[in-house]
Amino acid sequence: MLWASILLPQLAIDAAIQGGRDPASAFVLIDGPLQRRHVTAMSAGACAGGVRIGQPLAAAQALMPALHSSVLDRAASARLREAVTSIAYACSECVNAREDDAVTLEIGASLRYFGGWPTLAAKLRQQLKTLGVHHRIGVAPTPLASLLAATDRDGCIVDERGLRDLLRRLPLRRARLDSASVGMLDAMGVRSLGELLALPRAGLVRRLGAKLLDHLDRLSGEQADPLDVWRPADTFSAGLELDAEMHTTSAILFPLRRFLQQLAAFLACRDGGVAHFQLQLLHARGEPTCIRIATATPERDAQRLFELARLKLDRVQLATPIIGLRVIADQLPAFV
């Protein structure tokens, strides 16, 4: 079997930009207790200003007084990763999303259909670019090794011999080991996977437990790595809360376009279309404004869905400002 992993190194930032954040601005996503907020992700502008991951928010704001911040939205990141998984599923029936920042797919059975890996890779990259996600792709004989290949460098392809070389030189901090094991190994002077693999297995089990050896064996292919196979959901829902009140529907067109691109990817992996979907404009008070959109025939082209939605929005007269948006498609043909 042959595996490819799509690594999503800026998933949280990409999700924030899809929610309306200006990609050119300096902003950070923060996490942690209210009194100890710290930077968990940052834009390129914030990085250029000297902000660092793990830095207390107060320290980051001292460096950049104009820095914008918002709380990490894990749900938005999960929805965007689900859209990436949908793109992968349109290329392989064996897709797994057990990692928070990556999607893995078996490509060996798909290469003949798509005309080889370069063609399949180009298809994946084009769709990921359209979706607006930064990504790196690696290919290897095992699922875990393909993820480390993507971590090593974008476009990395390793065979059995290349896998041994990758494992020999890769730093432990990039090997997807738990932090406690990395800390203990670092204290022992072990810095790379090659150094780790050279140690006696019995001693490793005594010091670090059998879980570490299980990880190494799945990585090298000495042990099977059973994966749960992903299947698309029966309904689609995406939404966000806006940072400020919007008084015109044109202000939500950018996130709406992104959500409909996610919907299109979702529909493509189900090999179907949508004949009805709904927009909900949320307000601070009162019920949402519900806009039902119907197509003459089932549709899954993102641009077509967007044009239909925009025509409907142009006719909406807002009584109160918009504070959020939802896109819902819950009338879909049964998945086959």
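For the structure itself, consult the block above.
So, here is what we can say about the structure in this document. None of these values were measured; they are calculated from a predicted model.

Another aspect to go through is the overall build of the chain. From N to C terminus, the chain includes 14 helices and 12 strands. Against the compact-globule benchmark of 20 Å for 336 residues, the chain has a radius of gyration of 22 Å, which places it among compact chains. Along the three orthogonal principal directions, the C-alpha set of the chain runs to about 70 × 55 × 30 Å. Across the 336 residues that make up the chain, the buried fraction comes to 47%. When the accessible surface of the chain is split by element, carbon and sulfur atoms take 52% of a total near 16900 Å². Charged side chains in the chain number 39 positive and 34 negative. The centres of these two groups are separated by 3 Å.

This structure, assessed with the given rule, holds 3 aromatic pairs. Note on Tyr89 and Trp230: the rings are 5.4 Å apart at their centroids and 70° apart in plane angle, and the pair reads as edge-to-face. Here Tyr89, found in helix H4 (residues 74-89), pairs with Trp230, found in the loop between helix H12 (210-220) and strand S9 (236-246); they are 141 residues apart in sequence, far enough to count as distant. Residues Tyr113 and Phe114 carry aromatic rings whose centres are separated by 4.9 Å and whose planes lie at 85° to one another, so their mutual orientation is edge-to-face. For Tyr113, a relative accessible area of 70% corresponds to the exposed category. Classification of Phe114 by relative accessible area gives buried; the value is 16%.

A separate point is the side chain of Ser92. When you line up the elements, Ser92 lands in the loop between H4 and strand S5 (95-96). Assessed through its relative accessible area of 5%, Ser92 is described here as buried. A distance of 3.1 Å separates the side chain of Ser92 from the backbone nitrogen of Cys94, its partner in a polar contact. The contact partners of Ser92, leaving out residues within four places of it in the chain, are Leu105, Glu106 and Ser110.

So, on to the sheet that holds strand S3 (residues 38-42). Reading across from one edge, S3-S2-S4 is the order of the 3 strands in this open sheet, with mixed pairing throughout. Looking at which strands have only one partner, the edges of the open sheet turn out to be S3 and strand S4 (68-71). With strand direction ignored, the average angle separating the axes of adjacent strands in the sheet is 40°. Note that strand S2 (residues 27-31) and S4 share 4 bridges and pair parallel. When the sheet's bridge partners are listed, Phe27 is paired in S4 with His68.

Its identity as a non-glycine residue notwithstanding, Arg176 has a phi of 65°, on the positive side. The topology assignment puts Arg176 in the loop between helix H8 (160-169) and helix H9 (179-187). A relative accessible area of 28% places Arg176 in the partly exposed class. Here the phi dihedral of Asp271 falls at roughly 55°; this positive angle occurs in a residue that is not glycine. Its location among the elements puts Asp271 in the loop between helix H13 (253-269) and strand S10 (274-282). Residue Asp271 is classed as exposed on the basis of its relative accessible area of 63%.

Now for the pairing of strand S1 (residues 3-7). Among the 5 residues of S1, 5 are classified as buried, and the element is accordingly described as predominantly covered. Neither face of S1 is left uncovered, since the one carrying Trp3, Ser5 and Leu7 and the one carrying Ala4 and Ile6 both have all their residues buried. As judged from the 5 bridges shared by S1 and strand S6 (residues 102-106), these two strands associate in the antiparallel manner. Looking at S6, one finds that Ile6 is bridged to Val103. Alignment of S1 against strand S7 (residues 136-140), held across 5 bridges, turns out to be antiparallel. Bridging across to S7, Leu7 finds its partner in Arg136.

Definitions and cut-offs
- Residues numbered from 1 in each chain as written.
- Predicted model: local features only at pLDDT ≥ 70, side-chain atom pairs only at ≥ 80, totals over all residues.
- Heavy atoms only, no water.
- Helix = DSSP H or I, 4+ residues; strand = E, 2+ residues; numbered from the N terminus.
- Rg over C-alpha atoms; globule rule 2.2 N^0.38 Å.
- Buried < 20%, exposed > 50% of the residue type's maximum accessible area, 1.4 Å probe, protein only.
- Areas by Shrake-Rupley, 256 points an atom, 1.4 Å probe, with all protein chains shown as cover.
- Lys, Arg positive; Asp, Glu negative; His and termini not counted.
- Charge placed at Lys NZ, Arg CZ, Asp CG, Glu CD.
- Phe/Tyr/Trp six-rings, centres within 6.5 Å; stacked < 30°, edge-to-face > 60°.
- Polar contact = N/O pair within 3.5 Å; in protein donor to acceptor, adjacent residues only side chain to side chain.
- Contact = heavy atoms within 4.5 Å.
- Pairing = 2+ DSSP bridges.
- Axes fitted to C-alpha atoms, helices over the stretch in contact; angles between N-to-C directions.

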